[in-house]
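Listed below, chain by chain, are the residues.
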Amino acid sequence: MPATVPAMASSTVTAVSTSKDLASLRIQRDGRGLRRRRRIPWGLLFLLVCLGAGAAWWFWPRPPLVRLGTVALTHPSQTLAALTASGYMVADRKSSVAAKITSQLVWLGVEEGQLVRQGDILARLEAEDLAAAHAAALAEVVAAEARLKQLEAELLDTERQERRLQALVRTGAIAQSEYDAAETRRDVARAAIFQVSKQVLAAKAAAERARVDQGYATLRAPFDAVVLTKNADVGDILTPLGAAASARASVVTLADLTSLQAEVDVSESQIGKVAAGMPCEIELDALPGERFPGVVHMIVPTADRTKATILVKVRFNHLDPRVLPDMSVRVSFLSRALAPGEETPRLTAPAEALVWRQERAHVLRYANGTLEQVAVQPGEAFGGLTAIAGELAAGQKVVLSPAEELAGGMPVRVQED
């Protein structure tokens, strides 16, 4: 019996351990023991998406590519221009009115922009000393004339005495020496009169000079003009040379606006295309869109060595009153004068934009990514441009060299230059 008990205990232990092993082999359903699934990397997924989108974009049908031109207003003179040059408006008659004497400005009667006529008083200088000098010179004239009258009276008396003594010497009543002394006195009186008469002339000349000097104190307009600038104010000291730091030489600057002309610089290599009397067309930045006919007035016979240019002066056929000095100007030198009607700009489109469909000329107008077919009436040619009439406006875009398959309503892409 005692030996059987351990055997039973051993079998019991074996059974317990076996049951534990079986329990350890039970399937776990919470998923912690399963092997993880392999996931696709995000970078690879993004690359696959991009490749797919690129392939779709490449094989997807796209709008056709077109080149565009611009509808514009074109002047016929643009096709006749042999040369274009830039410059400024300059008055042919311009004056800086200055003082001829040194004095103080006491009155100024003009301002900028004022129209003055020839002889109008512009300013006055202090001239009391000049007035005194003029009065003194006039007094010298009076004194010299009085002296002359006195000598003329003395001459008359000596001539009478000479005649009386001449009669007496013939009869022998007096000596010849007395008559000779009377003749001498007569000749001396005549010489004195001649001398004093010249002194009278000198005194009158001095008085005239003093009068002229006094006139220098009044500054007048030398011609009909417009006041451009004031260079001095009342109280300033004016001097002909303007040597002093506080002195002024010029009072006002005047310009005759009727003598305005364009002065442009033409390159030495291009001056052969310009000739005196050549027709021109003048444009001013201050008056955009307007053109004025002109003619070459003069080619200045000297060159500017620093710029390698030659100055050319161009005059207006009819000067516009809105044109002012120093305005920037651009001159086109024309191969011929404009014919009547050629002064008006034309609505033009590039010649290669025209296409003939249904026996009519059309253009394909571009707007907001689509095309619109517009019928036009073509006119005269201006180089690579053609005048057109139709429902178009300056600044609109049209297709250049349109393909046959292009039509109104089609979306297109614009070719970048």
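None of these values were measured; they are calculated from a predicted model.

Undergrad: Would you explain the nonpolar core in this entry?
TA: Here is a general trend for soluble globular proteins: nonpolar side chains tend to be buried in one another's company. Ranked by size, the top nonpolar core spans 27 residues in total, and within it Met89, Val266, Leu284, Val312, Val331 and Phe333 carry the most contacts. Taken together, the elements giving at least two residues each to this core come down to strand 3 (81-91), strand 13 (260-267), strand 14 (279-284), strand 15 (291-304), strand 16 (309-316) and strand 17 (328-334). When residues no more than four places from it in sequence are discounted, the contact partners of Val312 are Ala262, Glu263, Val264, Val266, Ile271, Val274, Val296, Met298, Ile299 and Phe333. Formed by 23 residues, the second largest nonpolar core is a distinct cluster that contains Leu125, Leu130, Leu238 and Val251.

Undergrad: Help me understand the pairing of strand 13 in this model?
TA: Along any regular strand the residues' side chains alternate between the sheet's two faces. Within strand 13, six of the eight residues are buried, leaving the element largely enclosed by the surrounding structure. Pairing between strand 3 and strand 13: five bridges, direction antiparallel. The partner of Met89 across the bridge, within strand 13, is Ala262. Taken together, the six bridges between strand 13 and strand 16 define a ladder with antiparallel strand orientation. From the neighbouring strand, Ser267 faces strand 16, where its bridge partner is Thr309.

Undergrad: It is not clear to me how unusual backbone geometry should be interpreted in this structure. Could you clarify?
TA: With the exception of glycine, most residues fall at negative phi, and the peptide bonds are largely trans. At Asn368, a position not held by glycine, the phi torsion is positive, near 55 degrees. Tracing the backbone shows Asn368 in the loop between strand 20 (360-367) and strand 21 (370-382). By relative accessible area, Asn368 is classed as exposed at 80%. Despite not being glycine, Ser401 has its phi angle at roughly 50 degrees, a positive value. Turning to its location among the elements, Ser401 is positioned in the loop between strand 23 (397-400) and strand 24 (413-414). By relative accessible area, Ser401 is classed as partly exposed at 44%.

Undergrad: I keep staring at the packing of aromatic side chains and nothing clicks. Help me out?
TA: We describe a pair of aromatic rings using the distance from one ring centre to the other and the angle between the two ring planes. The full count for this structure, using the stated rule, is one aromatic pair. On the basis of an interplanar angle of 65 degrees and a centroid distance of 5.9 Å, the ring pair of Phe292 and Phe316 is categorised as edge-to-face. A residue pair is termed long-range when its members are at least 10 positions apart, and Phe292 in strand 15 and Phe316 in strand 16 qualify at 24 residues. The buried category is assigned to Phe316, whose relative accessible area is 11%. The cationic tip of Arg93 hangs over the ring face of Phe223; the distance from NZ or CZ to the ring centre is 4.6 Å. The positively charged end of Arg124 is found above the aromatic ring belonging to Trp107, 5.1 Å away from the centroid.

Undergrad: When you look at the sheet that holds strand 9 (residues 225-230) in this model, what are you seeing that I'm missing?
TA: Working definition: the strands of a sheet are paired by backbone hydrogen bonds and lie parallel or antiparallel to each other. With respect to topology, four strands assemble into an open sheet ordered 4-12-9-6, the strand pairing being antiparallel. The two strands at the open ends of the sheet, each matched to only one other strand, are strand 4 (94-98) and strand 6 (115-116). Of the pairings in the sheet, the one linking strand 4 to strand 12 (residues 250-255) comprises five bridges and is antiparallel in character. In the strand pairing of strand 12, Ser95 is matched with Leu254.

Undergrad: I would appreciate a short explanation of the confidence of the model for the protein in the present structure.
TA: Reading fine detail from the predicted coordinates is not recommended where pLDDT is low. On average, residues of the protein carry a pLDDT of 84, and 86% of them reach 70 or more. Low pLDDT (under 50) marks residues 1-20, which in the prediction has zero contacts with non-local residues, meaning those over four places away or in another chain.

Undergrad: Which parts of the structure should I look at to understand a nonpolar patch on the surface?
TA: On the surface, a nonpolar cluster with roughly 370 Å² of combined accessible area is contributed by Trp42, Leu45 and Val49. Counting through the fold element by element, Trp42 comes out in helix 2 (residues 42-59). Take Trp42: its relative accessible area is 71%, and that puts it in the exposed class.

Undergrad: Teacher, can you tell me more about helix 4 (residues 176-215) here?
TA: Along an α-helix, residues three or four apart share an orientation, since each turn contains 3.6 residues. Taking 1.5 Å of rise per residue, 40 residues should cover 58 Å, and helix 4 covers 59 Å from first to last C-alpha, within 8% of that figure. Regarding helix 4, the residues found buried are Tyr179, Ala182, Arg186, Ala189, Ile193, Val196, Val200, Ala203, Ala207 and Ala210. Considering only its buried residues, helix 4 is in contact with helix 3 (128-171).

Undergrad: Would you explain the pairing of strand 16 in this entry?
TA: The element strand 16 is extensively covered by neighbouring structure, given that six of its eight residues are classed as buried. Inspection of the sheet shows strand 15 paired to strand 16 by seven bridges, in the antiparallel sense. Among the inter-strand pairings, Val295 is bridged to a residue of strand 16, identified as Arg315. Two successive antiparallel strands, strand 15 and strand 16, enclose a turn made up of four residues, where Ala308 displays a positive phi of approximately 55 degrees.

Undergrad: Before we go on, may I ask you to explain the sheet that holds strand 16 in this structure?
TA: Judged by pairing direction, the barrel is antiparallel, and its six strands sit side by side in the order 3-13-16-15-14-17 before closing back on the first. If you compare each strand with its neighbour and ignore which way they point, the axes differ by 40 degrees on average.

Undergrad: Explain the side chain of Glu281 here, please?
TA: If you trace the backbone, Glu281 turns up in strand 14. Using a relative accessible area of 5% as the deciding quantity, one classes Glu281 as buried. A polar contact of 2.9 Å, which involves the side chain of Glu281, links it to the side chain of Arg291. Those residues in contact with Glu281 that sit more than four places away from it in its chain are Ser77, Arg291, Phe292, Arg330, Val331, Ser332, Leu334 and Leu338.

Scoring rules and cut-offs
- Residues numbered from 1 in each chain as written.
- Predicted model: local features only at pLDDT ≥ 70, side-chain atom pairs only at ≥ 80, totals over all residues.
- Heavy atoms only, no water.
- Core = buried A, V, L, I, M, F, W, Y, C linked by side-chain atoms within 4.5 Å.
- Buried < 20%, exposed > 50% of the residue type's maximum accessible area, 1.4 Å probe, protein only.
- Helix = DSSP H or I, 4+ residues; strand = E, 2+ residues; numbered from the N terminus.
- Contact = heavy atoms within 4.5 Å.
- Pairing = 2+ DSSP bridges.
- Phe/Tyr/Trp six-rings, centres within 6.5 Å; stacked < 30°, edge-to-face > 60°.
- Lys NZ or Arg CZ within 6 Å of the ring centre and 35° of its normal.
- pLDDT = per-residue confidence, 0-100.
- Patch = residues over 30% accessible without salt bridge, like charges linked within 9 Å, V, L, I, M, F, W, Y side chains within 5 Å.
- Areas by Shrake-Rupley, 256 points an atom, 1.4 Å probe, with all protein chains shown as cover.
- Salt bridge = Lys/Arg side-chain N within 4 Å of Asp/Glu carboxyl O.
- Expected span 1.5 Å × (residues − 1).
- Axes fitted to C-alpha atoms, helices over the stretch in contact; angles between N-to-C directions.
- Polar contact = N/O pair within 3.5 Å; in protein donor to acceptor, adjacent residues only side chain to side chain.

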